[in-house]
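Inside the fold
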Amino acid sequence: MASRERSRSRGRDVDASTRAWLESLGATDEQIAAFSGREFKGQPLLAQWTKPMIRSKAVSLVRELSSRLPPPFNTVDAILARPALVDTTPIGRIVHNIGQLQALRPENYVDLISARPDLLMHPEGEFSLDETWTDWQGQLRSGGNKSQRKKQKQKQKKPRK
């Protein structure tokens, strides 16, 4: 009971069914408290993630990531850091991106994803401009973030004197 009181004091009240659902995902009291105060797209996750479809996708994502990424990766921390993993990103894309990171960074892909869960959605941020990877739709892409690719295109377009 004391842990429930602690989570209430750190964030919004988490009802019993939401608490049970989060615990079924493996969430700790601290993660439940963080969830209760987390917003995505300007609204609390507590209000957004009551729909069965979202909860079902979260369960599927937790199972998928837990089976593919060993510790130190923590699925609940990743979801809290990047709610779009559940809310807007297809699981197939996430699984494909794990494979790309594993192929191009086999020695430390788990550590990279643990530190930067956004790589599950956008692995190109980890790759250099001269590296190519395949997106989940089968297209070859170059690495680097948007600003790096934009600078590279501008260099290529400058007229030579």
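Residues numbered from 1 in each chain as written. Predicted model: local features only at pLDDT ≥ 70, side-chain atom pairs only at ≥ 80, totals over all residues. Heavy atoms only, no water.

Concerning the side chain of Asn97
Stated precisely, the cut-off is as follows: Runs of E in the DSSP output that reach at least two residues are strands. Runs of H or I that reach at least four are helices, and both are numbered from the N terminus. Remark: exposure states derive from per-residue accessible area (1.4 Å probe, protein chains only) relative to the maximum for the residue type, with buried under 20%, exposed over 50%, and partly exposed in between. We call two residues contacting when some pair of their heavy atoms lies within 4.5 Å.
Mapped onto the elements of the fold, Asn97 is located in helix H8 (residues 91-104). By relative accessible area, which is 2% here, Asn97 ends up buried. Once you skip the residues sitting within four places of it in the chain, Asn97 turns out to touch Leu119, Leu120, Met121, His122, Pro123 and Trp133.

Observations regarding empty space enclosed by the protein
Put simply, the rule reads: Definitions used throughout: a 1 Å grid over protein atoms alone; a cavity as a set of points that fits a 1.4 Å probe which cannot get out; a pocket as an open set with protein on both sides within 12 Å along at least five of seven lines; a lining residue as one with an atom within 4 Å of a point. Grid points are joined across faces, edges and corners, and a volume is the space filled by probe spheres set on the points. The residue classification treats Ala, Val, Leu, Ile, Met, Phe, Trp, Tyr, Cys and Pro as nonpolar and Asp, Glu, Lys and Arg as charged. All others, Gly included, are polar.
Under the criterion given, the structure shown has one cavity of 30 Å³ or more. Estimated volume of the largest cavity: approximately 80 Å³. Surrounding the largest cavity, Trp21, Leu22, Leu25, Ala27, Gln31, Phe35, Trp49, Val76, Ile79 and Leu80 form its lining. Breaking the lining of the largest cavity down by element, the ones donating at least two residues are helix H2 (16-24), helix H3 (29-37) and helix H6 (75-81). For the lining of the largest cavity, the element with the most residues is H6, which contributes three residues. Tallied by class, residues from the lining of the largest cavity come to nine nonpolar, one polar and no charged.

What to know about unusual backbone geometry
In this chain, Pro71 is followed by Pro72 through a cis amide linkage whose omega measures 20°. Mapped onto the elements, Pro72 comes out in the loop between helix H5 (52-68) and H6. Located in the positive-phi region is Lys41, a residue other than glycine, with phi close to 55°. Note on placement: Lys41 falls in the loop between strand E1 (39-40) and strand E2 (43-44).

A closer look at the packing of H2 against H5
Two measures define how a pair of helices packs: the angle their axes make with one another and the distance between the axes. Quick note on the threshold: Interaxial angle, 0 to 180 degrees, is taken between N-to-C directions of lines fitted to C-alpha atoms, where a helix line uses only the stretch in contact. Orientation labels follow simple angle bins: below 35 degrees gives roughly parallel, above 145 gives roughly antiparallel, 65 to 115 gives roughly perpendicular, and whatever is left gives oblique.
In the contact formed by H2 and H5, the axes pass within 11 Å of each other and the chain directions differ by 20°. By the angle between their axes, H2 is roughly parallel relative to H5. Contact residues: H2 offers Ser17, Thr18 and Trp21, while H5 offers Arg55, Ala58 and Val59. Class assignment for the residues of the contact of H2 with H5 results in three nonpolar, two polar and one charged.

With respect to the pattern of salt bridges
For the record, the criterion: When a carboxyl oxygen of Asp or Glu is within 4 Å of a side-chain nitrogen of Lys or Arg, the pair counts as a salt bridge.
The final tally for this structure, using the stated rule, is nine salt bridges. In this structure, Glu131 engages Arg105 in a salt bridge whose closest nitrogen and oxygen atoms are separated by 2.8 Å. Residue Glu131 is found in the loop between helix H9 (109-115) and strand E3 (132-134), and its partner Arg105 is found in the loop between H8 and H9; the two are separated by 26 residues along the sequence. One exposure class covers both Glu131 and Arg105, and it is buried. Notably, a salt bridge pairs Arg141 with Asp135, separated by 3.0 Å at the nearest N-O pair. Taking the relative accessible area as the measure of exposure, Arg141 reaches 37% and is therefore partly exposed. Look at Asp135 and you get buried, because its relative accessible area is 7%. Through salt bridges with shared partners, a single network forms among Arg105, Arg116, Asp118, Glu126 and Glu131.

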